[in-house]
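Tertiary structure, described
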Amino acid sequence: MKRTITACGLAITAACAAVLGGFLAPHLPTEIIGLPHASPSGGALLGTDGLGRDVLSRVLAGGRDLVLISMLAALLATSLGVAGGLLTGWSDGWTSQLLTALADVLLAMPLLLVALVLAVSLPGDAAVVAATVCGGTPLTLRVVRDATRLARGSGYVEAARCRGERDAALLLREVLPSMAGLISADVGMRFVVAVQLAAALSLLGFGSQPPTADWALMIRENLPGSGLNPAGVIAPAAALAVLTAGVAGAASLLDRRPA
């Protein structure tokens, strides 16, 4: 329990730091303060990028949009998946079969390919949300469906049914609360997938555009000068790694927690 609380606390801290870090930046993310690819110094602790902007300031400001868009995508994908999983797990009718078949079709598609196709026709942020929903909702649906089928014949559900509870009340009051850990973990994993998709699209040129401060965009912009100032690439890559590893670790522990 203590490990779970600690991991969740670290994940929340990392996400909050990414969102609020821009307020701590010593310079404006777009302000030119020195020569391009200058080494770390007293005025720029992580040196400068290819245009002479402060790397530290851009790293501190570069996670806000990424975290907010990824969280929106994760919540939407999990919400749709939970709703579909409850429905398909509780009923064996044609609606359940149709949703399951649709989920199987979406799962058969390569997620990155879907994201690239969406990125061509949608703005970068919208493509991340849509791709996360297309790739994450079917996975959530299948997990919640299986958990719902197990809960459907459990003792506490049968007891509630004997009290006269209807199906909607059984799902919302009995089945759904028993999946709190599973759903929390799923939100975390959908968030990680959304961050990875957003980073991949930015690295390929479909995401955030200059002069926006964005971790993945910083990696792409600073690669040519990485020999002069490696911090321009290492710092945003480390920020991405810490954020995703922290959230994924917390999600893993939540998924193991007893219901």
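Residue numbering note: each chain is counted from 1, following its sequence as written. For this predicted model, a pLDDT threshold of at least 70 governs which residues receive local features, and a threshold of 80 or more governs which side-chain atom pairs are given and counted, while totals over whole chains, interfaces and linings are taken from all residues. Here the side-chain values reflect all heavy atoms present in the structure, with hydrogen atoms and water set aside.

1. Focus: the confidence of the model for the chain
For every residue, the predictor reports its confidence as pLDDT, a number between 0 and 100. Confidence in the prediction for the chain averages 89 pLDDT; 96% of positions are at 70 or higher. No element of the chain has a lower mean pLDDT than helix α1 (residues 2–20), which averages 79, and none a higher one than helix α2 (residues 55–61), which averages 95. Secondary structure elements follow DSSP: runs of H or I no shorter than four residues count as helices, runs of E no shorter than two count as strands, and numbering proceeds from the N terminus.

2. Details of the pattern of salt bridges
A pairing counts as a salt bridge when a side-chain nitrogen of Lys or Arg comes within 4 Å of a carboxyl oxygen of Asp or Glu. For the structure shown, the criterion picks out 11 salt bridges. Of the charged contacts in the structure, one is a salt bridge between R152 and D92, with a shortest N-O distance of 3.8 Å. With R152 in helix α6 (residues 124–152) and D92 in the loop between α3 (64–90) and α4 (94–107), this residue pair connects regions lying 60 residues apart in the sequence. For R152, a relative accessible area of 25% translates into the label partly exposed. Partly exposed describes any residue whose relative accessible area lies between the buried limit of under 20% and the exposed limit of over 50%, with all areas from a 1.4 Å probe on protein chains only and scaled to the type maximum.

3. Section: the layout of surface pockets
Gaps left between atoms show up when a probe the size of a water molecule is rolled over them. Residues are said to line a cavity or pocket when one of their atoms sits within 4 Å of a point; the points come from a 1 Å grid over protein atoms alone, cavities being sets where a 1.4 Å probe fits but cannot get out and pockets being open sets with protein on both sides within 12 Å along at least five of seven lines. Grid points are joined across faces, edges and corners, and a volume is the space filled by probe spheres set on the points. Size it by volume and the largest pocket reaches roughly 290 Å³. Lining the largest pocket are 15 residues; nearest its centre among them are A11, I12, M71, G188 and V247. Elements with a minimum of two residues in the lining of the largest pocket: α1, α3, α9 (180–203) and α11 (231–256). Among the elements that line the lining of the largest pocket, the one with the most residues is α1, at five residues. Each residue belonging to the lining of the largest pocket can be placed in one class, and the counts come to 13 nonpolar, two polar and no charged. Each residue is assigned to one of three groups, with Ala, Val, Leu, Ile, Met, Phe, Trp, Tyr, Cys and Pro labelled nonpolar, Asp, Glu, Lys and Arg labelled charged, and all others, Gly among them, labelled polar.

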